[in-house]
Amino acid sequence: VQLQASGGGPVLTGGSLRLSCAASRRTSRRYVMGWFRQAPGKGREFVAAISFSDGTTDYAASVKGRFTISRDTAKTTVYLQMNSLKPEDTAVYYCAAEGTLIRSSWSLPTQYHYWGQGTLVTVSS
């Protein structure tokens with residue numbers, strides 16, 4: 001599975017962006033797809049994840065209520081709608097995919113085998 005992330009860019013505080021992550025081939029319905037981010041000098045941080053089979057979602061506390069993850073099973077694409085952006089959301093955002101991942105592991109980047117190339121989101125005040 002190859003993943004292609006897109007949609008990043010500069011945005012002002014309070015603005016919105018939508019990231020997309022397209023899989024190169026049909027993703028098994030058992031896959032979990034997640035978004036992670038990495039700010040300069042920091043480790044990779046969990047943002048959100050979704051199950052392709054039933055749409056179950058999970059979010060980091062820092063983005064809950066502001067970000068929404070969704071999927072289009074026909075297009076094997078996952079989206080991350082980011083609203084009310086803050087400067088601390090500035091980071092490179094990566095999408096990831098893994099099959100048969102228990103929910104308690106969704107937030108762990110080491111559990112994902114497939115990664116996209118990352119897209120930069122810069123939030124300025």
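Refer to the structure presented above.
Cut-offs applied
- Residues numbered from 1 in each chain as written.
- Predicted model: local features only at pLDDT ≥ 70, side-chain atom pairs only at ≥ 80, totals over all residues.
- Heavy atoms only, no water.
- Helix = DSSP H or I, 4+ residues; strand = E, 2+ residues; numbered from the N terminus.
- Rg over C-alpha atoms; globule rule 2.2 N^0.38 Å.
- Buried < 20%, exposed > 50% of the residue type's maximum accessible area, 1.4 Å probe, protein only.
- Contact = heavy atoms within 4.5 Å.
- Areas by Shrake-Rupley, 256 points an atom, 1.4 Å probe, with all protein chains shown as cover.
- Lys, Arg positive; Asp, Glu negative; His and termini not counted.
- Charge placed at Lys NZ, Arg CZ, Asp CG, Glu CD.
- Core = buried A, V, L, I, M, F, W, Y, C linked by side-chain atoms within 4.5 Å.
- Pairing = 2+ DSSP bridges.
- Salt bridge = Lys/Arg side-chain N within 4 Å of Asp/Glu carboxyl O.
- Phe/Tyr/Trp six-rings, centres within 6.5 Å; stacked < 30°, edge-to-face > 60°.
- Lys NZ or Arg CZ within 6 Å of the ring centre and 35° of its normal.
- Polar contact = N/O pair within 3.5 Å; in protein donor to acceptor, adjacent residues only side chain to side chain.

S.K.: Requested: an account of the overall build of the protein chain, with residues and values cited.
M.R.: Helix and strand content of the protein chain: 0 helices and 11 strands. When the elements of the protein chain are put in sequence order from the N terminus, they spell out β-β-β-β-β-β-β-β-β-β-β. Its C-alpha atoms give the protein chain a radius of gyration of 13 Å, within 12% of the compact-globule value 14 Å for 125 residues. Oriented by its inertia axes, the alpha-carbon framework of the protein chain measures out at about 40 × 25 × 25 Å. The buried share of the protein chain, reckoned over its 125 residues, is 46%. Look at the contacts in the protein chain between residues 6 or more apart in sequence, and 57% of them connect residues 24 or more apart. For the protein chain, the computed accessible surface area is about 6,100 Å², with 49% contributed by carbon and sulfur atoms. When the 14 positive and 7 negative side-chain charges of the protein chain are each reduced to one mean point, those points stand 4 Å apart.

S.K.: Run through the nonpolar core, naming residues and quoting values.
M.R.: Among the nonpolar cores identified, the biggest contains 38 residues, and Trp-35, Leu-80, Met-82 and Tyr-93 are the most heavily contacted of them. Among the secondary structure elements, those contributing two or more residues to this core are β1 (3-6), β3 (17-23), β4 (31-38), β5 (44-51), β7 (67-72), β8 (77-82), β9 (91-99) and β11 (119-124). Ignoring sequence-local partners within four residues, the contact set of Tyr-93 consists of Leu-19, Trp-35, Phe-36, Arg-37, Val-47, Phe-67, Leu-80, Met-82, Gly-118, Thr-119 and Val-121.

S.K.: Account for the pairing of β7, with residues named and values stated.
M.R.: In the sheet, β7 pairs with β8 via 6 bridges, with the strands oriented antiparallel. Along β8, the bridge assignment pairs Ile-69 with Leu-80. What sits between β7 and β8 in their antiparallel hairpin is a turn of 4 residues, with Thr-76 showing a positive phi close to 45°.

S.K.: Tell me what's going on with the pattern of salt bridges, and back it up with residues and numbers.
M.R.: Per the counting criterion, the structure on display carries 3 salt bridges. With its nearest N and O atoms 2.8 Å apart, the salt bridge here joins Glu-45 to Arg-37. Residue classification places Arg-37 among the buried residues on the basis of a relative accessible area of 6%. Between Arg-37 and Asp-89 there is a salt bridge whose closest N-O contact spans 2.9 Å. Taken together, the residues span a long stretch of sequence, with Arg-37 in strand β4 and Asp-89 in the loop between β8 and β9 at a distance of 52 residues. Residues joined by salt bridges that share partners form a network here, namely Arg-37, Glu-45, Arg-66 and Asp-89.

S.K.: Give a description of the packing of aromatic side chains that names residues and reports values.
M.R.: Per the counting criterion, the structure on display carries 6 aromatic pairs. For the pair Tyr-112 and Trp-115, a centre-to-centre distance of 6.2 Å together with 65° between the ring planes defines the contact as edge-to-face. Taken together, the ring pairs connect Phe-36, Phe-46, Tyr-94, Tyr-112 and Trp-115 into an aromatic cluster. Sitting above the plane of the Trp-115 ring, Arg-44 keeps its charged end 4.7 Å from the centroid. Arg-103 extends its terminal NZ or CZ atom over the ring of Trp-106, reaching a point 5.5 Å from the ring centre.

S.K.: So, the side chain of Asp-89: which residues are in play, and what are the values?
M.R.: In this structure Asp-89 comes out as buried when scored by relative accessible area, which is 1%. Separated by 2.7 Å, the side chains of Asp-89 and Arg-66 make a polar contact. There is a polar contact of 2.8 Å between the side chain of Asp-89 and the backbone nitrogen of Lys-86.

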